[in-house]
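# Close look at the chain arrangement
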Protein chains: 2
Amino acid sequence: MPSSHADAQPLLIHFHGGDDGDWQVTSHQTIVGPAISAVNAVAISDASEHSAPAWTLAGVVSNLRYTTAEERSALLAKQSGLGRPEARCAALIPIRKKASWWALAQDERRAIYERSSHTPIGLKYLPAIARRLHHSRDLREPFDFLTWFEYAEHDESAFEALLARLRSTEEWHYVDREIDIRLTRRADR
Amino acid sequence: MPSSHADAQPLLIHFHGGDDGDWQVTSHQTIVGPAISAVNAVAISDASEHSAPAWTLAGVVSNLRYTTAEERSALLAKQSGLGRPEARCAALIPIRKKASWWALAQDERRAIYERSSHTPIGLKYLPAIARRLHHSRDLREPFDFLTWFEYAEHDESAFEALLARLRSTEEWHYVDREIDIRLTRRADR
């Protein structure tokens, strides 16, 4: 358990979209809402500065918002971390939710999250699909969340199934902006 | 219900401590953890810039984190807003919670919040004590929350009772930094 405040602070991560970066963009799709510029590569960094990015999206790896202790135990028992050598495919999915979602009380949002089987769906695809969630709303960013996924090439169809299931849920009725960027790790990195 | 994203974004508020500001500091007490400089006045502003502040603390008025729909209804039915003419007294209470709090799952934090009667205690002192909570943790600020209270002079003892009750709860075992700054609205403003 970290004891100093610096350790306890949420980790701030920047996704710099441009020409440089460890991740080569292979596809860029606007699912709903306004687009962002298509780029060749994405660099992931602690630093807010980067060489002439087309865009920078920021988010913090912060405390759990809906996950219960029981769900967390189930996730921890199955999940894999980022950076696995075989996980050369990734997706960056920036999402914004409607004002009507944020106006709901905590139990109302949790109920929708639960009816949408958000945790069970994610759990089903572990450990193949690793995931890290970055919270952006309190930073007043253009998106509320940046989700980063990593998986091996042979798990791509599983990843598509995961996304299709999530996008068909009640919770996704509240999503009013979503971009789907697919990437592969550059071989020389 | 706001429909544009600008309306939906959390409101970012800055508390500038220094010599200028609508609120004159009447007392400054470090309850636990490292101190911050004592100042003469506090200015509250959307703007991050201010004339030579000794310190600036920032936070966002964001979505509810623990409050249920039922609790929210009870609070809305009783609460008063900021800026009441008779509410010439205020308190700015920056708080940080331990890493062990943030490491808990959502249901674990809610259970402590509930056992600590956080909502019922606040409710008991409505509408006399108006309150606005600013979230700072995701901004990687030195505090996790900035709570701002406004009340009339004759409600000061009620405010002391509210604070004493909150500080005696299980939830407050997780507070490892707390400053208590009292203020009065400057007469000429």
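Model, not experiment: these values are computed from the prediction. (Residues numbered from 1 in each chain as written. Chains lettered and ligands numbered in written order. Predicted model: local features only at pLDDT ≥ 70, side-chain atom pairs only at ≥ 80, totals over all residues. Heavy atoms only, no water.)

## Some words on the packing of aromatic side chains
Residue and element names in this part refer to chain A. Applying the stated rule across the entire model yields 16 aromatic pairs over all chains. Ring plane angle 20° and centroid distance 4.6 Å describe the contact between Y151 and F159, whose orientation is recorded as stacked. With relative accessibility at 1%, the residue Y151 sits in the buried group. A connected cluster of aromatic rings, assembled from ring pairs, spans Y66, W101, Y113 and Y174. Taking the ring centre of W101 as reference, the NZ or CZ of K97 above it sits at 3.9 Å. (Phe/Tyr/Trp six-rings, centres within 6.5 Å; stacked < 30°, edge-to-face > 60°. Buried < 20%, exposed > 50% of the residue type's maximum accessible area, 1.4 Å probe, protein only. Lys NZ or Arg CZ within 6 Å of the ring centre and 35° of its normal.)

## Some remarks on the environment of T30 of chain B
Residues and elements named next belong to chain B. Checked against the element boundaries, T30 lands in strand β2 (residues 23-32). On the accessibility criterion, T30 (32% relative accessible area) is partly exposed. Note: C-alpha distance between T30 and D180 (150 residues apart in sequence) is 6.3 Å. Residues in contact with T30, not counting those within four places in the same chain, are A35, E178 and I179. (Helix = DSSP H or I, 4+ residues; strand = E, 2+ residues; numbered from the N terminus. Contact = heavy atoms within 4.5 Å.)

## Brief notes about the relation of the copies chain B and chain A
Its rotation angle being 180°, the transformation that places chain B on chain A also includes 0.0 Å of axial translation and leaves an RMSD of 0.0 Å. Those values place the two copies in the arrangement expected of a two-fold rotation axis. A symmetric contact is evident, with 100% of the interface residues of chain B recurring at the interface of chain A. (Least-squares fit on C-alpha atoms with pLDDT ≥ 70 in both.)

## Side note on the interface of chain B and chain A
Across the boundary between the two partners, chain B contributes 37 residues, which contact 37 residues of chain A. Together, the buried faces of chain B and chain A total about 3,100 Å²; carbon and sulfur atoms form 50% of this surface. Along the contact surface separating chain B from chain A lie four salt bridges. Between D138 of chain B and R65 of chain A there is a salt bridge whose closest N-O contact spans 2.9 Å. (Buried area = accessible area lost by both parts, 1.4 Å probe. Salt bridge = Lys/Arg side-chain N within 4 Å of Asp/Glu carboxyl O.)

## Details of helix α6 (residues 156-167) of chain B
Residue and element names in this part refer to chain B. Over its twelve residues, α6 runs 16 Å from end to end, which matches the ideal 16 Å to within 8%, given 1.5 Å per residue. Here α6 has its buried residues at F159, L162, L163 and L166. Down the axis of α6, the buried side of the element spans an arc of 95°, and every buried residue falls inside it. Contacts from the buried residues of α6 go to β5 (89-97), α5 (118-124), β7 (145-151) and β8 (175-185). (Expected span 1.5 Å × (residues − 1). Arc of directions from axis to C-beta.)

## Concerning the layout of surface pockets
Over the atoms a probe the size of a water molecule is rolled, and this reveals where empty space is left. One number sums up the size of the second largest pocket: a volume of about 1,300 Å³. If you trace the second largest pocket, you find 50 residues lining it, with L64, T67, R131, R132 and L133 of chain B closest to the centre. Residue assignment for the lining of the second largest pocket shows that the elements contributing at least two residues are α3 (99-102) of chain A together with α1 (5-8), α2 (69-78), β5, α5, β6 (130-135), β7 and α6 of chain B. When residues of the lining of the second largest pocket are assigned to their parent elements, the largest contribution, five residues, is made by β6 of chain B. (1 Å grid on protein atoms, 1.4 Å probe; cavity = no way out; pocket = protein on both sides within 12 Å on 5 of 7 lines; lining within 4 Å. Points joined across faces, edges and corners; volume = space filled by probe spheres on them.)

## Focus: the confidence of the model for chain A
For chain A, the mean per-residue pLDDT works out to 95, and 95% of the residues sit at or above 70. As scored by the predictor, the complex reaches a pTM of 0.94 and an ipTM of 0.92. (pLDDT = per-residue confidence, 0-100.)

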